[in-house]
Every structure is written in structure tokens, then in C-alpha cells.
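Spelled out, the chains give:
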Amino acid sequence: RELAAQARFLREEAVSLQILADFALQQGELELARASLDEIAGLVAGTDLVDLEIGHAHLALRLASAEGAADEVVALTARLEDLRQRSDERRGEYAAVRQQLFSAELRRVGMERGIAEARARTRRLIAGGSAVSVLLLALLALFGRRRLAHTNRRLRDEIQRAEAESRARAELEQRMRLLERA
């Protein structure tokens, strides 16, 4: 209890006091129970912690019954009913809050789905662009290879023609020498 008070854990401190008050009621120590309940009342006053107030009211009702205070029992019964109504109203608000959270979660899921679809489209575009790039490079290589093959053929033809002309010239020169000797 002291640790909860030092750390300013209001709920934990109030619950530990409720346990102490309950134990004191079971043991018949009504003074200790009253002191614990008074301390709890001071802690939960103005905090709007309905669950702690209900626990406090139940213990106070048990104490009033043990003390035989009929007027206090009636007042505490009315207070418990009021606290139950507040608790029910709060639970009704939870449905609206849950609906808002559910709507927000649906929007988040929708946005994540949209982001995933956008990423998938981007990946497809990148893959398509890469495929087109590879295709263009392959076409360039193919056309370059064809052009190189065509150029090599023409060069080979030129070399063969030059060699044929050189042979023909060499033959012609040889015949001319033979004619000059004869």
C-alpha cells in the first residue's frame, strides 16, 4: 500500500485499502474498516473511477450492516443504484467508442491495403520497365550483331576481291614477263 501511495498509483492504493477494509470487516475490527473506508473515500473522491466507488460503497454497506445503521444502509443502497446507473451509462458509451475504434481500424486496414496495392503497382511498373530495358538492350545487341556480321561480310568480300585482284595482277605481270622473254 505504501509503495502504491509513494508511486501515486491511485487505483492500486485504493484496491489495497479495500482489501484491508474487507479483511478488517471479516475479523470484526470495525474501527479499522471505517478508517480504511474513509481513506478510500478521500482517494476516489472526484476521480470518476466508478468501479472503485462501487467497491467502496459495497464495503461501506457491509460495514453499516455490521454496525446496525439502518439509515446509512438505505443511503448506501441508493448510492449503489446511482453508481450502477453511471456504470451502465459508461458501458453504453463504450459501444460508441468501440464503433469509432472499429471504424478507425477499418480505415487503417483500407489505407494499408491501398499502400500495398500501390507498392504492387510500382513493382509491376519497375518489372515492366526492366523487361522493356532488357528487350531494348537485346534488340540493340541483335541489330548491332547483324550490322557487325554484315560489315564483316562486306569486309571479307572486299578482302577476297583485293586478293583476287592481287593474284590477277601477279598473273598478269608474270605473263607480261613471259611475253617479254619470248
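Refer to the preceding data block for the structure.
Since this is a predicted model, take the numbers as computed values, not measurements.

(A) Fine view of the overall build of the chain. Each helix and strand in the chain was counted, giving 5 helices and 0 strands. When its helices and strands are written in sequence order, the chain yields α-α-α-α-α. The C-alpha radius of gyration computed for the chain amounts to 50 Å, which surpasses the reference 16 Å derived for 182 residues by more than 25%, pointing to a less compact arrangement than a globule. Taking the principal axes of the C-alpha coordinates as reference, the chain spans close to 165 × 35 × 25 Å. Buried residues in the chain amount to 16% of all 182 residues. Counting only contacts in the chain whose residues sit at least 6 apart along the sequence, the fraction spanning at least 24 positions is 56%. Just so you have it, the chain exposes about 14,000 Å², and 58% of that area is on carbon and sulfur atoms. Counting 30 positive and 29 negative side-chain charges, the chain places the averaged centre of each group 24 Å from the other.

(B) Up close: a nonpolar patch on the surface. Among the surface-exposed residues, Val132, Leu135, Leu136, Leu139, Leu142 and Phe143 lie close enough to one another that they form a single nonpolar patch of about 540 Å² accessible area. Secondary-structure assignment places Leu136 in helix α5 (residues 70-181).

(C) Structural detail: helix α4 (residues 50-67). Here α4 spans 25 Å end to end across 18 residues, near enough to the 26 Å set by a 1.5 Å rise per residue. The elements touched by buried residues of α4 are α2 (10-27), α3 (30-44) and α5. Phi turns positive one or two residues past the end of α4, at Gly68, with a value near 80 degrees.

Conventions and cut-offs
- Residues numbered from 1 in each chain as written.
- Predicted model: local features only at pLDDT ≥ 70, side-chain atom pairs only at ≥ 80, totals over all residues.
- Heavy atoms only, no water.
- Helix = DSSP H or I, 4+ residues; strand = E, 2+ residues; numbered from the N terminus.
- Rg over C-alpha atoms; globule rule 2.2 N^0.38 Å.
- Buried < 20%, exposed > 50% of the residue type's maximum accessible area, 1.4 Å probe, protein only.
- Contact = heavy atoms within 4.5 Å.
- Areas by Shrake-Rupley, 256 points an atom, 1.4 Å probe, with all protein chains shown as cover.
- Lys, Arg positive; Asp, Glu negative; His and termini not counted.
- Charge placed at Lys NZ, Arg CZ, Asp CG, Glu CD.
- Patch = residues over 30% accessible without salt bridge, like charges linked within 9 Å, V, L, I, M, F, W, Y side chains within 5 Å.
- Salt bridge = Lys/Arg side-chain N within 4 Å of Asp/Glu carboxyl O.
- Expected span 1.5 Å × (residues − 1).

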